[in-house]
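What follows is the residue order along each chain.
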Amino acid sequence: MTGRVRIAPSILSADLIRLKDAIAAAEAGGADWIHVDVMDGRFVPNLTFGPGIVAAVRRVTRLPLDVHLMVVEPERYIEPFAEAGANVLTFHPEATIHGQRHVSAVRERGMLAGIALNPGTPLAAVEDLVGEVDLVLVMSVNPGFPGQAYISAVTDKIRRVRALLDARGSKAHLEVDGGIGRDTIAAAAAAGADTFVAGSAVFGAPDPAAAIRELRRLAHPRP
Ligand code: DX5
Ligand code: ZN
């Protein structure tokens, strides 16, 4: 663990008519990654973006694009998102059968591979993949919608994922997603998260750039 904090604003909460301006504001605030929530209406009860949006965002920023697949059979989309310019590709293990194969396929396409754990998904779902993944995403809401409340029981799960990564000598990023804002980011950081997705706390704020700076300040890196 380097102690470096990464803030990944989610464009799910941006004004999509002004997406380019939203990304510029995120950059001005020092965002590290741009988080893109891909939902298929099957794995989660909502529909959002496909590779076309990722390709469009790719044209207006050099920041790494952190693509979060909330879709069934994510393997069908590895190639299209790689082509579109994704840098990080994360999927949920329940959504597929051969997770290990798909982690390899994501890496072979030159992207970082992430595994996401829903609040009700046990750590065991990632345990055998720890040596091969670049990121573990701990969901602190049930995925589907922005603006939900952080589930505080997840803080302990972040701690357990951190312990697992440290015990295996993994340098994987530990990302937390859902309900992250001024009141919750410090607890998630103290538990060992280093990468923070924030949708409504950034794009719902009057000044998104200032909101990012404030979140970073509150997420004191561990000593
Ligand atoms: C939830 C998505 C999140 C969402 C976070 O299904 O995976 O990335 O955009 O939004 P906030 O930060 O508003 O909870
Ligand atoms: Zn997400």
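Not measured: the values here are computed from a predicted model.

(A) Local environment of the sheet that holds strand S8 (residues 195–198). Strand order in this open sheet of eight strands is S1-S8-S7-S6-S5-S4-S3-S2, and the pairing throughout is parallel. Strand pairing shows two members of the sheet lacking a second neighbour, strand S1 (6–9) and strand S2 (34–39), which therefore form its edges. For this sheet, the mean angle separating the axes of adjacent strands, direction not counted, is 25°. Where helix H4 (residues 99–108) meets the sheet, it contacts strand S4 (88–91) and strand S5 (112–117), and its direction lies at approximately 145° from that of S5.

(B) Inspection of the coordination of the zinc ion (ligand 2) at higher detail. In this structure, His 35 (NE2), Asp 37 (OD), His 68 (ND1) and Asp 177 (OD) serve as the protein donors to the zinc ion (ligand 2), at separations of 2.0 to 2.3 Å. Classification of the site at the zinc ion (ligand 2) as octahedral follows from its six donor atoms and the range of 69 to 167° in their angles at the metal. Mapped onto the sequence, the residues coordinating the zinc ion (ligand 2) show the spacing H-x1-D-x30-H-x108-D.

(C) Region of interest: H4. Of the residues making up H4, those classed as buried are Gly 99, His 102, Val 103 and Val 106. An end-on view of H4 places all buried positions within 105° of arc, on one side of the element. Projecting away from the buried face of H4 at angles above 90 degrees are the exposed residues Arg 101 and Glu 108. Residues of H4 that are buried sit in contact with helix H3 (78–84), S4 and S5. Once H4 ends, the next one or two residues include Gly 110, with phi positive near 80°.

(D) Up close: the site of ligand 1. With respect to spatial proximity, 20 residues lie near ligand 1, and among them Asp 37, Gly 144, Asp 177, Gly 199 and Ser 200 are the closest. Within the backbone of Gly 179, an N or O atom sits 2.8 Å from an oxygen atom of ligand 1. Between Gly 199 and ligand 1, the recorded distance is 2.8 Å, taken from a backbone N or O atom to an oxygen atom. In the complex, 100% of the free accessible area of ligand 1, which totals 380 Å², lies under the protein chains. Residue assignment for the shell around ligand 1 shows that the elements contributing at least two residues are S2, strand S3 (65–70) and S8. The dominant element in the shell around ligand 1, judged by the number of residues it contributes, is S2, at three residues. Looking at the shell around ligand 1, its residues break down into nine nonpolar, nine polar and two charged.

(E) Looking closely at the pattern of salt bridges. Applying the stated rule across the entire model yields 14 salt bridges. Where Asp 32 meets Arg 216, a salt bridge forms, and the shortest distance between an N and an O atom there is 2.9 Å. Linking Asp 32 in the loop between helix H1 (19–28) and S2 with Arg 216 in helix H9 (residues 208–218), this pair joins segments that are 184 residues apart in sequence. The buried category is assigned to Asp 32, whose relative accessible area is 12%. Between Arg 109 and Glu 83 there is a salt bridge, with its nearest N and O atoms 3.1 Å apart.

Cut-offs used in this document
Sequence positions are assigned chain by chain, starting from 1 and proceeding in written order. In the order they appear in the text, chains get letters beginning with A and ligands get numbers beginning with 1. Only residues with pLDDT of at least 70 are given local features in this predicted model, and only at 80 or more are side-chain atom pairs given and counted; all residues enter the totals for whole chains, interfaces and linings. Excluding hydrogens and water, the side-chain figures rest on all heavy atoms present in the structure. Two strands form a pair only when DSSP identifies at least two bridges running between them. In DSSP terms, a helix is any run of H or I states spanning at least four residues, a strand is any run of E spanning at least two, and both are numbered starting from the N terminus. In this description, a line fitted to the C-alpha atoms serves as the axis of each element, helices being fitted only across the stretch in contact, and the angle between N-to-C directions of two axes falls anywhere from 0 to 180 degrees. By definition, residues are in contact when any of their heavy atoms lie within 4.5 Å. Metal coordination here is assigned from N, O and S atoms located within 2.8 Å of the ion, or within 3.2 Å for Na, K and Ca; omission of water means that sites may look incomplete. Geometry is assigned from the angles between donors: four donors with all angles from 85 to 135 degrees make a tetrahedral site, four or six donors whose opposite pairs exceed 155 degrees while the rest stay between 65 and 115 make square planar or octahedral sites respectively, and everything else is labelled irregular. For each residue, the accessible area found with a 1.4 Å probe, counting protein chains only, is set against the maximum for its type, and the residue is called buried under 20%, exposed over 50%, and partly exposed in between. Think of the arc as the fan of directions from the helix axis to the C-beta atoms. We define proximity as follows: a residue is near a molecule or strand when any one of its heavy atoms falls within 4 Å of that partner. Contacts described as polar in this section are N or O atom pairs within 3.5 Å, which, within protein, must combine one atom able to donate a hydrogen with one able to accept it, while residues neighboring in sequence count only if both atoms come from side chains. Using a 1.4 Å probe, accessible areas were evaluated by the Shrake-Rupley method; residue-level cover was limited to the displayed protein chains. Any residue that is not Ala, Val, Leu, Ile, Met, Phe, Trp, Tyr, Cys, Pro, Asp, Glu, Lys or Arg is counted as polar, Gly included; the first ten are nonpolar and the last four charged. What counts as a salt bridge is simple: a side-chain nitrogen of Lys or Arg found within 4 Å of a carboxyl oxygen of Asp or Glu.

Don't take any of this as a statement about function, it's just geometry.
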